[in-house]
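# Summary of the model geometry
One-letter residues, chain by chain:
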Amino acid sequence: AQTVTQSQPEMSVQEAETVTLSCTYDTSESDYYLFWYKQPPSRQMILVIRQEAYKQQNATENRFSVNFQKAAKSFSLKISDSQLGDAAMYFCAYNGRETSGSRLTFGEGTQLTVNP
Amino acid sequence: DGGITQSPKYLFRKEGQNVTLSCEQNLNHDAMYWYRQDPGQGLRLIYYSQIVNDFQKGDIAEGYSVSREKKESFPLTVTSAQKNPTAFYLCASRKQGLFGYEQFFGPGTRLTVL
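Note that the structure is a prediction, hence the values are computed from the model and not measured.

### Side note on the overall build of chain B
From N to C terminus, chain B includes zero helices and eleven strands. Its helices and strands in sequence order give chain B the pattern β-β-β-β-β-β-β-β-β-β-β, from N to C terminus. Since a compact globule built from 114 residues should have a radius of gyration of about 13 Å, the 13 Å found for chain B is in line with a globular shape. With the C-alpha coordinates aligned to their principal axes, the bounding extent of chain B is approximately 40 × 25 × 25 Å. Across the 114 residues that make up chain B, the buried fraction comes to 50%.

Structure, rendered in structure tokens:
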């Protein structure tokens with residue numbers, strides 16, 4: 001079974017600085033998608049960024065980018081120019097074509113604090 | 001605006017009672033999901049449905065039941081058999097057919113057993 005591991009339960013960053021959240025996963029599939037979701041204090045889950053395993057180029061969405069290392073099964077999220085509104089729980093998620101179908105497997109989450 | 005609604009936002013239940021959580025979507029999505037979230041933890045899949053009148057157990061289905069009579073609706077019943085039902089419940093939906101689409105989430109229901 002696929003597993004997703006987020007080894008940092010909590011992280012903090014100063015406003016305007018950069019922070020990287022780690023995620024590793026275990027799979028035997030070659031065709032899959034990876035996601036980062038954000039859950040702010042409102043508890044509404046919001047998609048931050050998505051990466052397809054076949055694309056070598058790392059996905060980027062404004063201040064959010066990923067470092068996708070397929071061989072190492074690593075998928076870290078970098079937040080640049082951190083803002084107070086970035087404070088949230090961040091979840092890494094995996095979706096494999098063959099074994100997962102439409103299911104997502106989530107990591108345990110990383111609680112990000114942004115200090116003014 | 002299209003989206004997912006969950007009601008109620010807060011729900012209180014006495015021990016031994018069944019309770020039903022509502023989830024409705026107007027995104028025309030085929031697949032719908034129910035997750036449970038405990039404090040400081042990730043999301044665990046309870047049940048999911050990929051088409052009307054069909055659903056599959058997730059990782060923690062014991063003590064829960066669902067129905068999918070309409071494409072737009074996927075209610076979750078928390079039965080008295082669920083040993084520790086106090087949690088935050090999230091409903092999600094997703095386009096079916098194309099691989100890699102993300103799931104869209106509702107605002108959640110906080111269930112407390114008194």
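### Things to note about the state of the cysteines
Residue and element names in this part refer to chain A. Here the structure, examined in full by the defined rule, presents two disulfides over all chains. Sulfur-sulfur distance for the disulfide between Cys23 and Cys92 comes to 2.0 Å. The chirality of the disulfide connecting Cys23 with Cys92 is left-handed, given an S-S dihedral of about -70 degrees. In this pair, Cys23 sits in the loop between β3 (19-21) and β4 (24-26) while Cys92 sits in strand β10 (residues 88-96), placing the two residues 69 residues apart along the sequence. Of the two residues examined, Cys23 and Cys92, each falls in the buried class.

### Some thoughts on the interface of chain A and chain B
Interfaces are often sized by the amount of accessible area the parts lose when they come together. On the chain B side, the residues contacting the 22 residues of chain A number 25 residues. For the pairing of chain A and chain B, the buried interface totals around 1900 Å² over both sides, and the portion due to carbon and sulfur atoms is 53%. For chain A, the biggest contributors to the area lost against chain B are A:Arg43, A:Ser102 and A:Arg103; these three give 34% of the whole. Counting across the interface, chain A meets chain B through two salt bridges. A salt bridge links A:Arg103 to B:Asp59, with the shortest nitrogen-to-oxygen separation between them at 2.9 Å. Summed over the shared surface of chain A and chain B, the result is six residue pairs in polar contact (both at pLDDT 80 or more). Of all the secondary structure elements, the ones that give two or more residues to the side of chain A that touches chain B are β5 (32-39), β6 (46-52) and β10 of chain A. Here the residues of the side of chain A that touches chain B sort into ten nonpolar, six polar and six charged.

What counts, and at which threshold
- Residues numbered from 1 in each chain as written.
- Chains lettered and ligands numbered in written order.
- Predicted model: local features only at pLDDT ≥ 70, side-chain atom pairs only at ≥ 80, totals over all residues.
- Heavy atoms only, no water.
- Helix = DSSP H or I, 4+ residues; strand = E, 2+ residues; numbered from the N terminus.
- Rg over C-alpha atoms; globule rule 2.2 N^0.38 Å.
- Buried < 20%, exposed > 50% of the residue type's maximum accessible area, 1.4 Å probe, protein only.
- Disulfide = S-S within 2.5 Å.
- Contact = heavy atoms within 4.5 Å.
- Buried area = accessible area lost by both parts, 1.4 Å probe.
- Salt bridge = Lys/Arg side-chain N within 4 Å of Asp/Glu carboxyl O.
- Polar contact = N/O pair within 3.5 Å; in protein donor to acceptor, adjacent residues only side chain to side chain.
- Nonpolar A, V, L, I, M, F, W, Y, C, P; charged D, E, K, R; others polar.

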